[in-house]
Amino acid sequence: NMVYRVWSAVDSRSLPTAAWSEEDNNLESAWMRLPHVCVTGMTNCGKSSMLNHVLRWKCASKASSVPGKTDSIDFYVVNNRFVLVDMPGYPDHLDFGHQGVIKKWDGGWQDLVFRYLALCREGRYDLRLLLHLQNISSRPTRFCRQFVAHIQNLGLPMLMVLAKDDHLRKYNSPAKQRKYFSQSVRRDLDFRGFSLHYTCRTKKE
C-alpha cells in the first residue's frame, strides 16, 4: 500500500475541506474529494492497532495501551484511491483511568469529532463507510449508546466492528461466546446494521 498521512486536524477549525467546484485542480482539493472511510470507537478499543494492521504500516497510527493517545483526526490517502480517517476515541466516564481523556473530550475532541460527522452528513466529505469499533467482551457504556445513536440518527453508513475477538479464547466454546456477546452488544446499542468480528492477532500468536 502507498499511504500518505496528509492532514492532522487538532480542532474543528482546522478540518480540511475541498472546494465545492470540481474544476479546482489543487492536489489537496482533489484528495479531499476522494471517498472517506473513518474509524471511531471508545479510546483504547484497538482502533490504532487495526489501522496499522490493515495498512501494514506500524507507524501509521499511534497505537498504545495508554488511553487517549490519538489526539487529532488524522487523514491518510491510501493508494490515491480513498482517504482513511482515524478519529480520537471517546472516553468511558466510569473508568478512573479515562479521567484525562474525559477532560480532552469535553475540552475539544467532541466538537472536533461531531463536526467531522456533520460535514459528512452535509456532503462536504464523501463518507462511504464508518467503522465503529466495539470491544466484544465489554458491555457498551451509556456514552457508547449515545454515540452510536448519534451516528444512526445522522444516517451515516456504519459497520460495527466487534474488536479484540481473540479475548474470547479463554472460554471453552469461543463460537457460542462470540454469538452471545455479539447479540448482547447489538441489543445494548440498539444497532440495526451489519457487524463483523475482528482481531489483529494470528493463530500462531
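Heads up: the structure comes first, above all this text.
Keep in mind the model is a prediction, meaning the values are calculated, not measured.

J.: How would you summarise the environment of E28 if you had to cite specific residues and measurements?
T.: Of note, E28 is situated in helix α1 (residues 27–32). Sequence-wise, E28 and V6 are 22 residues apart; in three dimensions their C-alpha atoms are separated by 8.6 Å.

J.: Now, about the pairing of strand β2 (residues 35–41): what can you tell me, with residues and values included?
T.: β2 sits mainly inside the fold: 7 of its 7 residues count as buried. Here 7 bridges tie β2 to strand β5 (residues 126–135), and the two strands are oriented parallel to one another. Across the sheet, the residue bridging to H36 is L127, located in β5.

J.: Tell me about the pairing of β5, residues and numbers included.
T.: By the criterion of burial, β5 is predominantly enclosed, with 7 of the 10 residues buried. The pairing of β5 with strand β6 (residues 158–163) spans 6 bridges and is parallel. Paired with Q134 across the two strands is L162, which belongs to β6. Between the parallel elements β5 and β6, the chain passes through helix α4 (residues 142–154) in a crossover that is right-handed.

J.: Before we move on, could you go through the pattern of salt bridges and cite the residues and values that matter?
T.: Considering all chains together, one arrives at 7 salt bridges under this definition. We note a salt bridge from R5 to D74, for which the minimum N-O separation is 3.1 Å. Here D74 lies in strand β3 (residues 73–78) and R5 lies in strand β1 (residues 3–9), a separation of 69 residues in the sequence. Residue R5 is classed as partly exposed on the basis of its relative accessible area, which comes to 40%. Here D126 makes a salt bridge to R128, at a shortest N to O gap of 2.9 Å. The partly exposed category is assigned to D126, whose relative accessible area is 28%.

J.: Just give me the short version of the sheet that holds β2, but keep the residues and values in it.
T.: Strand order in the open sheet made by the 7 strands is β1-β3-β4-β2-β5-β6-β7, with mixed pairing throughout. Strands with a single pairing partner mark the edges of an open sheet, and in this sheet they are β1 and β7 (194–197). Adjacent strand axes in the sheet meet at a mean angle of 25 degrees when their direction is disregarded. Relative to strand β4 (residues 82–86), β3 is paired through 5 bridges, and the arrangement is antiparallel. Bridged to Y76 within β4 is L84. In the packing of α4 onto the sheet, contacts are made with β2, β5 and β6, and the angle to β5 comes to roughly 160 degrees. Across the face of the sheet, helix α5 (residues 174–189) comes into contact with β5, β6 and β7 while running at roughly 145 degrees to β7.

What counts as what
Residues numbered from 1 in each chain as written. Predicted model: local features only at pLDDT ≥ 70, side-chain atom pairs only at ≥ 80, totals over all residues. Heavy atoms only, no water. Helix = DSSP H or I, 4+ residues; strand = E, 2+ residues; numbered from the N terminus. Buried < 20%, exposed > 50% of the residue type's maximum accessible area, 1.4 Å probe, protein only. Pairing = 2+ DSSP bridges. Right-handed = clockwise from strand over helix to strand, strands pointing away. Salt bridge = Lys/Arg side-chain N within 4 Å of Asp/Glu carboxyl O. Axes fitted to C-alpha atoms, helices over the stretch in contact; angles between N-to-C directions. Contact = heavy atoms within 4.5 Å.

Note that all results are geometric; they support no functional claim without further evidence.
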